[in-house]
Protein chains: 2
Amino acid sequence: MKIVFIGAGNLATHLAAACKAAGNNIVQVYSRTMENATLLAGETGAEAVNNLEQIRLDADLYIFSVKDDALPAVVRQMPPTEGVWAHTAGSLSMDLFAARKAEHGVIYPLQTFSKQRKVDFASIPLFIEGSNPATTRLLEELAGSLSRNVRRLSGEKRRTLHLAAVYACNFVNHMYTLASEIIGREGLPFDLLLPLIAETAAKVTEMAPQAAQTGPAIRFDEEVMRRHLSLLPDPETKELYTLISKSIHKHSI
Amino acid sequence: MKIVFIGAGNLATHLAAACKAAGNNIVQVYSRTMENATLLAGETGAEAVNNLEQIRLDADLYIFSVKDDALPAVVRQMPPTEGVWAHTAGSLSMDLFAARKAEHGVIYPLQTFSKQRKVDFASIPLFIEGSNPATTRLLEELAGSLSRNVRRLSGEKRRTLHLAAVYACNFVNHMYTLASEIIGREGLPFDLLLPLIAETAAKVTEMAPQAAQTGPAIRFDEEVMRRHLSLLPDPETKELYTLISKSIHKHSI
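Residues numbered from 1 in each chain as written. Chains lettered and ligands numbered in written order. Predicted model: local features only at pLDDT ≥ 70, side-chain atom pairs only at ≥ 80, totals over all residues. Heavy atoms only, no water.

*Asks:* Quick question: what am I supposed to make of the overall build of chain A here?
*Replies:* Of regular secondary structure, chain A possesses 10 helices and 8 strands. Taking the principal axes of its C-alpha atoms as reference, chain A extends roughly 65 × 35 × 30 Å. Looking at chain A as a whole, 56% of its 253 residues are labelled buried. When the accessible surface of chain A is totalled, it reaches about 10100 Å², and 50% of it is carbon and sulfur. Charge-centre separation for chain A: the mean point of 26 positive side chains lies 2 Å from the mean point of 27 negative side chains. (Helix = DSSP H or I, 4+ residues; strand = E, 2+ residues; numbered from the N terminus. Buried < 20%, exposed > 50% of the residue type's maximum accessible area, 1.4 Å probe, protein only. Areas by Shrake-Rupley, 256 points an atom, 1.4 Å probe, with all protein chains shown as cover. Lys, Arg positive; Asp, Glu negative; His and termini not counted. Charge placed at Lys NZ, Arg CZ, Asp CG, Glu CD.)

In structure tokens form, the structure reads like this:
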């Protein structure tokens, strides 16, 4: 399949590499900045462009992977092309393409991507939606060649999944950041927490997270929580500690 | 070494099994409830008791692993014994033993324990503190036979470490719980999130969590965040979402 990537960020970088590895032809990479376009184009043997007027019109698939709030403008500026237009955003409707392109859809990979970190694409859940059966099948076939974990999902459910992913990934990672700050203030290395972090993630492969909960908040150990609050440096951090602890206690079983 | 366990909870269960596997003799297990005492005693070949007056006086080490707020009362009620008294609590000072027992200390395992889940004790960081050099060495030797990751740590630093662990484990697990609720409302299985959860935890073995952050809050994608808020069912959950998102944005680099 001839594929054009519109966008060259973290997600586009990993998805383009996986598409190429599955035997597809990445013909072009567009990015607003030529530097980013060139970087990803170089990795995938594609042509780099930084002007939407230079987009090739004969590809089978155009994958839009830009910041959510930039996508509507990019779609408006796209020239009319052959093929299918699809985006990769969890919380955007596929309808944003409707006025410009009848054959459109979504490939949403449920994963966190950083450029410098390799991921096993085959295990990433990919969620597909298409504007008609042929488009859905085309996206599904591509997705099936990238991952063994593909399913169709409506835009509404995808939005909910994306919200859940914010908790399971971004909010979780922020808890790691706060832990790293706390431990860093005592001159202790973040690595000390890695076995705990790994076990906390591994536990929920076997038990529901609600059943896996431990610690002072679930036991409602007020004395420990009071002492913890006294160690936190500012009102904002204290508020976050209190709010999450209350929520844990409310969810105790 | 002859060891008595005071307490038969999650931590005591895993620690007693590891002590026995390392060749120690678990002579007694005390719990307020005979059922819990019998369960752990059965697993470790120990005698079960539910009355502190029945505690053997000739052990080398008494490991106190009860709820933090129950510990002071248990210590007061203990008969005078031979050996060393140590607790396993992250946020309690070892001084709580001082009035009753000169040889005292702490073995603090930085891990989350649930009875039904096996853990690899050898990789768990164990933090040691003792009231005198001989006691510290005794605890350190025991710890060294259980784990390859042992270090001495003052009570003050241990308290900070425990606070960091609340973020890296309990708060993280609560984010999993909230994600599971969100996804469950749409009838989607929690398992869909497991590759994302595993990768989020694996990423911070290679990158600092601050550098690993992705998602709408770090990009300050207000439109996505607004839509997410509209999907959340109650003011409390909305408040938590907003507060964590703000904190992520504040920590962006």
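*Asks:* Teacher, can you tell me more about the pairing of strand 1 (residues 2–6) of chain B here?
*Replies:* Two faces belong to every sheet, and in a regular strand the side chains alternate between them. Residue and element names in this part refer to chain B. Most of strand 1 is tucked away, with 4 of its 5 residues classed as buried. In the sheet, strand 1 pairs with strand 4 (residues 61–64) via 4 bridges, with the strands oriented parallel. Each residue of the ladder has a partner; that of Ile6, found in strand 4, is Phe64. (Pairing = 2+ DSSP bridges.)

*Asks:* Can you help me understand the relation of the copies chain B and chain A in this one?
*Replies:* The two chain copies are connected by a rotation around an axis plus a translation along it. Rotating chain B by 180 degrees about the axis while translating it 0.0 Å along that axis superimposes it on chain A, leaving an RMSD of 0.0 Å. Such a combination of rotation and displacement between the chain copies is what one expects of a two-fold axis. The rotation axis passes nearest to the C-alpha of Val172(B) in chain B, at a distance of 2.5 Å. Most of the interface of chain B is mirrored in chain A: 100% of its interface residues are interface residues there too. (Least-squares fit on C-alpha atoms with pLDDT ≥ 70 in both. Contact = heavy atoms within 4.5 Å.)

*Asks:* So what exactly am I meant to see when it comes to the packing of aromatic side chains here?
*Replies:* Aromatic rings considered in pairs are described by the distance between their centres and by the relative angle of their planes. Overall, the coordinates contain 16 aromatic pairs over all chains when judged by the stated rule. A ring pair is formed by Tyr167(A) and Phe171(A), whose centres lie 4.9 Å apart and whose planes are at 65 degrees; its orientation type is edge-to-face. Here Tyr167(A) pairs with Phe171(A), and both are found in helix 5 (residues 155–185), just 4 residues apart, close to one helical turn. With respect to class, Tyr167(A) is no different from Phe171(A); both count as buried. With a centroid separation of 5.4 Å and an interplanar angle of 50 degrees, the aromatic rings of Phe64(B) and Trp85(B) are classed as tilted. Here Phe64(B), found in strand 4, pairs with Trp85(B), found in strand 5 (residues 84–87); they are 21 residues apart in sequence, far enough to count as distant. There is no split in this pair, since Phe64(B) and Trp85(B) are both buried. A network of ring pairs unites the aromatic residues Phe64(A), Trp85(A) and Phe97(A) as a single cluster. (Phe/Tyr/Trp six-rings, centres within 6.5 Å; stacked < 30°, edge-to-face > 60°.)

*Asks:* Is there a simple way to think about helix 2 (residues 34–44) of chain B in this case?
*Replies:* For an α-helix the count is 3.6 residues per turn, leaving residues at separations of three or four pointing the same way. Residue and element names in this part refer to chain B. Considered for burial, the residues of helix 2 that qualify are Ala37, Leu40, Ala41 and Thr44. Buried residues along helix 2 cover an arc of 105 degrees about the axis, so they all sit on one side. In this structure, helix 2 carries Glu35, Gly42 and Glu43 as exposed residues pointing more than 90 degrees from its buried face. Summarising the contacts, the buried residues of helix 2 are in contact with helix 1 (10–21), strand 2 (25–30) and strand 3 (47–49). (Arc of directions from axis to C-beta.)

*Asks:* Just checking my understanding: could you explain the interface of chain B and chain A for this structure?
*Replies:* Where interface size is quoted, it is often the accessible area lost as the parts come together. On the chain A side, the residues contacting the 91 residues of chain B number 91 residues. Buried area between chain B and chain A, both sides added, is near 9200 Å², and the carbon and sulfur share of it is 66%. Among the ionic pairs, Arg117(B) bridges to Glu206(A), the shortest N-O distance being 3.1 Å. On inspection of chain B and its partner chain A, the count reaches 32 residue pairs in polar contact (both at pLDDT 80 or more). Broken down by secondary-structure element, the contributors of at least two residues to the side of chain B that touches chain A are helix 5 (155–185), helix 6 (194–203), helix 7 (209–212), helix 8 (216–219), helix 9 (222–231) and helix 10 (235–250) of chain B. The element best represented in the side of chain B that touches chain A is helix 5 of chain B, accounting for 26 residues. Looking at the side of chain B that touches chain A, its residues break down into 47 nonpolar, 25 polar and 19 charged. (Buried area = accessible area lost by both parts, 1.4 Å probe. Salt bridge = Lys/Arg side-chain N within 4 Å of Asp/Glu carboxyl O. Polar contact = N/O pair within 3.5 Å; in protein donor to acceptor, adjacent residues only side chain to side chain. Nonpolar A, V, L, I, M, F, W, Y, C, P; charged D, E, K, R; others polar.)

*Asks:* Got a minute to help me understand the sheet that holds strand 8 (residues 150–152) of chain B in this structure?
*Replies:* Residue and element names in this part refer to chain B. Strand order in the open sheet formed by 8 strands is 3-2-1-4-5-6-7-8, with mixed pairing between adjacent strands. A single partner strand is all that each edge strand has here, and the edge strands are strand 3 and strand 8. Going from strand to strand, the sheet's axes swing by 25 degrees on average, the running direction of each strand aside. Lying over the sheet, helix 1 contacts strand 1, strand 2, strand 4 and strand 6 (104–109), oriented at roughly 170 degrees with respect to strand 1. (Axes fitted to C-alpha atoms, helices over the stretch in contact; angles between N-to-C directions.)

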